[in-house]
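So you can see what is in the structure, the chains are spelled out below.
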Amino acid sequence: MAELSETYACVPSTERGRGILISGDPKSDSIIYCNGRAVIIRRLGAPMDVSIYGEHAHQTTVARFSPNGEWIASADVTGMIRIWGSHGDRALKCEFRVLSGRIDDLQWSPDGQRIVASGDGKGKSFVRAFMWDSGTNIGEFDGHSKRVLSCDFKPTRPFRIVTCGEDFILNFYEGPPFKFKHSHRDHSNFINCVRFSPDGSKFISVSSDKKGIIFDGKSGGKIGELSAQEGHKGSIYAVSWSPNSKNVLTVSADKTAKVWDIMDDGNGKLKCTLACPSSGGVDDMQVGCLWHGDHLVTVSLGGMICIFSASDPEKPPSSFCGHMKSINGLSCLLQSGQRTILSTSYDGAIIKWVPGIGYGGKIHRKVNSQIKCFSATEGELLISGFDNKVHRLPLNESQCGQAEPIDVGFQPNNLRFILKCPDLAFVSTDSGLVLLRGTAVASTVNLGYAATASAVSPDGSEAIVGSQDGKLRIYAIERDMFKEETVLEKHRGAITFIQYSPDASMFASSDANREAVVWDRALREVKLKNMLYHSARINCLAWSPDNRLVATGSLDTCVIVYDVDKPASSRITIKGAHMGGVYGLAFTDENSFVSAGEDACVRVWTLLHK
């Protein structure tokens, strides 16, 4: 069997020009946020302590703990809210379609009995409040003409609800049952976020007009503003109150986060500006924040999560990041005597992970282009995107050197370093093979058929090409030239992945018809067959360093590990390894491997042998 030992989680999904919502558990240091169809719970004090809820059928937008921390309400782009247990097996309590469009914000009432949600909808249905256990409506929310970006519930009696959105209007409702009381039109642009103070005495709204306005919590009247003299120079996307209701944290498109003192007269005076780490690009825009106990949490557009100390904001923050999009490449390296894992996603992110530590930093490139194919050695990266170019880049600790792109004529579908000949690299395209010597094309061959996968032996003497018709063609490589030697037929679907064993005595291949095969390289015969236990296309496979185990990852979300000296039926199956499918596998040692997938997470597994 296999045991999950570590999870390197994805970061929140962000969108330029929009704030995002993260919220905290009232009983612990856990935070909750959304990415894709998943809701991620992770502890600030132990970022690798991760739990992922993946029961939504559509992209999630916001999630919040109930006041007692026992339940979580999460919403998606279709207007659906699911309410489920925050512990144990995450049992679903109930599910309601609240709006006809995307839900942008939701909040529990302080007694945990009611929920208000806001977002997009048809007609005037932009806000709805309901009883959480029955779905019964508890008010009418007129007064908005466009998408409502934020809403909040007054945390003390008498209950009030406040909403704001793209129509530049802030509405105040009394209840329950809730009825419209009055509007404020003090903002001149989108009002991105509104929040009541924990003691219910005030609430604050922040807007793309760079202003923050403070109101009385009971009457809804305006009482003050954040100081414009020391204020943000860009849109303010999110705001969060301190537990004692005397300070707020704001984040902005100007790439800063600021802590404000809320004075007795209702105005806000700048206390300090937090020193958020900067890479110098638009990804440094701050789009989300949370004041959680002594933690000040900020989230940048690029997904960087920074944690400052509220009691000592001058102290450098701890920070961690991850992937935001589906991971499509994975490699395990030994750098400076330390085992590291590199993962790539198609949006161009290359992230380094250190087993036992987690996030080890981003690998920065001069040009952050999209990544389709990826291969790595200790000192070099081979990358291609969605053009005809291959980039061969020197790799330092956290930086890629520069190199001229190599035009190979067609869009590459596979890249491989030839391990025993560091100067050589192998590239396959849909219709041909290319051998690179340094940054020059040494030779090319037009195949005349549709190639779907390829591999090259560690010594560079042989290449295998898989095709759309399920055949494996083996080529000898002599003096940089390719010569076809034999054709192997066993697969019944398009070949999806080929990999030589570390000692090159065997190779494994997989297809779109959910089958994998292990071959004896010398005899050109099947060594292990009947590897037919996936229920969908196999996307990737990997060998253990001792040539004993083969792991396969599939669109069916599972990873299966086979022992080549045992029947395929004695496999180890990991169900639900990655929501949406497994797209990367690599062994770190004889008994551990890493996997990655569409859920943008990386997981480390330990094999427990009987």
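If you're wondering where the values come from, they're calculated on a predicted model, not measured in any experiment.

Membership of the largest hydrophobic core comes to 40 residues, with the highest contact counts inside it found for Ile22, Tyr33, Ile40, Trp353, Val594 and Val602. Split by domain, this core shows at least three residues from each of two domains, domain 1 (9–320) and domain 2 (493–517 + 532–609). Discounting residues that sit within four places of it in the chain, Ile40 has contacts with Ala9, Cys10, Ile31, Ile32, Tyr33, Cys34, Asn35, Val50, Ser51 and Ile52. One finds Ala75, Cys94, Leu99 and Ala117 within the second-largest nonpolar core, a separate group that totals 17 residues.

Throughout the structure, instances matching the rule amount to 25 salt bridges. Of the charged contacts in the structure, one is a salt bridge between Arg114 and Asp111, with a shortest N-O distance of 2.7 Å. Residues Glu462 and Arg521 are paired through a salt bridge, measuring 3.0 Å at the closest nitrogen-oxygen approach. Residue Glu462 is located in strand E42 (residues 462–467), and its partner Arg521 is located in the loop between strand E47 (516–520) and strand E48 (525–531); the two are separated by 59 residues in the primary sequence. Among the residues examined, Glu462 registers a relative accessible area of 6% and is labelled buried. What makes Arg521 buried here is its relative accessible area of 15%.

This paragraph deals with the side chain of Ser345. Assignment of secondary structure puts Ser345 in strand E30 (residues 338–345). Given a relative accessible area of 0%, Ser345 falls into the buried group. Leave out the neighbours within four places in its chain, and Ser345 touches His323, Lys325, Ser326, Ile327, Asn328 and Ile371.

This next bit is on the UniProt feature "repeat: WD" (unreviewed entry) in the protein chain. Within this numbering scheme, the UniProt entry marks residues 53–84, 184–225, 229–262, 488–520, 531–572 and 575–610 as carrying the feature "repeat: WD" (unreviewed entry). Secondary structure content for residues 53–84 is 0% helix and 56% strand, while the C-alpha to C-alpha distance between its ends is 10 Å.

A few words on the sheet that holds strand E40 (residues 440–446). Across the sheet, which stays open at both edges, the four strands sit in the order E37-E38-E39-E40 with antiparallel pairing between neighbours. Looking at the sheet topology across the chains shown, the edges are occupied by strand E37 (412–417) and E40. Each strand axis lies, on average, 20 degrees off the axis of its neighbour in the sheet, ignoring direction. Two strands pair when backbone bridges link them, and strand E38 (residues 424–429) and strand E39 (residues 432–437) are joined in this way by five bridges, in the antiparallel orientation. Residue pairing in the sheet places Ser428 in a bridge with Leu433 of E39.

A cis amide bond links Arg157 to the next residue, Pro158, at an omega of -5 degrees. Non-glycine residue Lys255 carries a positive phi angle of around 75 degrees. One can find Lys255 in the loop between strand E22 (247–252) and strand E23 (257–262). Classification of Lys255 as partly exposed rests on a relative accessible area of 33%.

Turning our eyes to something else, we now look at the domain arrangement of the protein chain. With domains assigned, the protein chain is organised as domain 1 (9–320) and domain 2 (493–517 + 532–609). Between domain 1 and domain 2, the C-alpha centre-to-centre distance is 41 Å. Taken together, the contacts link six residues of domain 1 with six residues of domain 2. Between domain 1 and domain 2, a total of about 460 Å² is buried, with carbon and sulfur atoms accounting for 70% of that surface. Three residues stand out in domain 1 for area buried against domain 2, namely Cys10, Arg37 and Ile52, and they jointly supply 67% of the buried area on that side. Along the contact surface separating domain 1 from domain 2 lie zero residue pairs in polar contact (both at pLDDT 80 or more). Of the residues assigned to the side of domain 1 that touches domain 2, the class counts are four nonpolar, one polar and one charged.

In the structure shown here, the tally under the stated rule is 19 aromatic pairs. Ring centres of Phe96 and Phe130 lie 5.6 Å apart, and the angle between their planes is 65 degrees; on these two criteria the pair is classed as edge-to-face. In this pair, Phe96 is assigned in strand E9 (residues 92–97) and Phe130 in strand E12 (residues 127–131), connecting sequence segments 34 residues apart. For the residue pair Phe96 and Phe130, the accessibility class agrees, reading buried in each case. For the pair Phe153 and Phe159, a centre-to-centre distance of 5.8 Å together with 85 degrees between the ring planes defines the contact as edge-to-face. Given a relative accessible area of 3%, Phe153 falls into the buried group.

Taken together, the four strands give an open sheet; going across it, the order is E13-E14-E15-E16, and neighbouring strands pair in antiparallel fashion. Of all strands in the sheet, those bounded by a partner on one side alone are strand E13 (148–153) and strand E16 (179–184). Across the sheet, the mean angle from the axis of one strand to that of its neighbour is 20 degrees, orientation sign disregarded. When E13 meets strand E14 (residues 160–165), the two strands line up antiparallel, connected through five bridges. Residue pairing across strands places Cys151 opposite Thr163, the latter belonging to E14.

One face of the sheet, then the other: side chains in a regular strand alternate in exactly this way. Counting buried positions along strand E51 (residues 559–563) yields five of five residues, so the element is predominantly enclosed. Residues Val559, Val561 and Asp563 line one face of E51 and the alternating positions Ile560 and Tyr562 line the opposite face, and both faces are buried. Note that strand E50 (residues 549–554) and E51 share five bridges and pair antiparallel. The residue bridging Ala551 from the neighbouring strand is Val561, located in E51. The antiparallel hairpin formed by E50 and E51 contains four residues in its connecting segment, where Thr557 sits at a positive phi of about 75 degrees. Examined bridge by bridge, E51 and strand E52 (residues 572–574) share three bridges and lie antiparallel to one another.

Rules and cut-offs
- Residues numbered from 1 in each chain as written.
- Predicted model: local features only at pLDDT ≥ 70, side-chain atom pairs only at ≥ 80, totals over all residues.
- Heavy atoms only, no water.
- Core = buried A, V, L, I, M, F, W, Y, C linked by side-chain atoms within 4.5 Å.
- Buried < 20%, exposed > 50% of the residue type's maximum accessible area, 1.4 Å probe, protein only.
- Domains from an automatic or database assignment.
- Contact = heavy atoms within 4.5 Å.
- Salt bridge = Lys/Arg side-chain N within 4 Å of Asp/Glu carboxyl O.
- Helix = DSSP H or I, 4+ residues; strand = E, 2+ residues; numbered from the N terminus.
- UniProt positions renumbered as here; feature names shortened; annotations may be inferred.
- Pairing = 2+ DSSP bridges.
- Axes fitted to C-alpha atoms, helices over the stretch in contact; angles between N-to-C directions.
- Buried area = accessible area lost by both parts, 1.4 Å probe.
- Polar contact = N/O pair within 3.5 Å; in protein donor to acceptor, adjacent residues only side chain to side chain.
- Nonpolar A, V, L, I, M, F, W, Y, C, P; charged D, E, K, R; others polar.
- Phe/Tyr/Trp six-rings, centres within 6.5 Å; stacked < 30°, edge-to-face > 60°.

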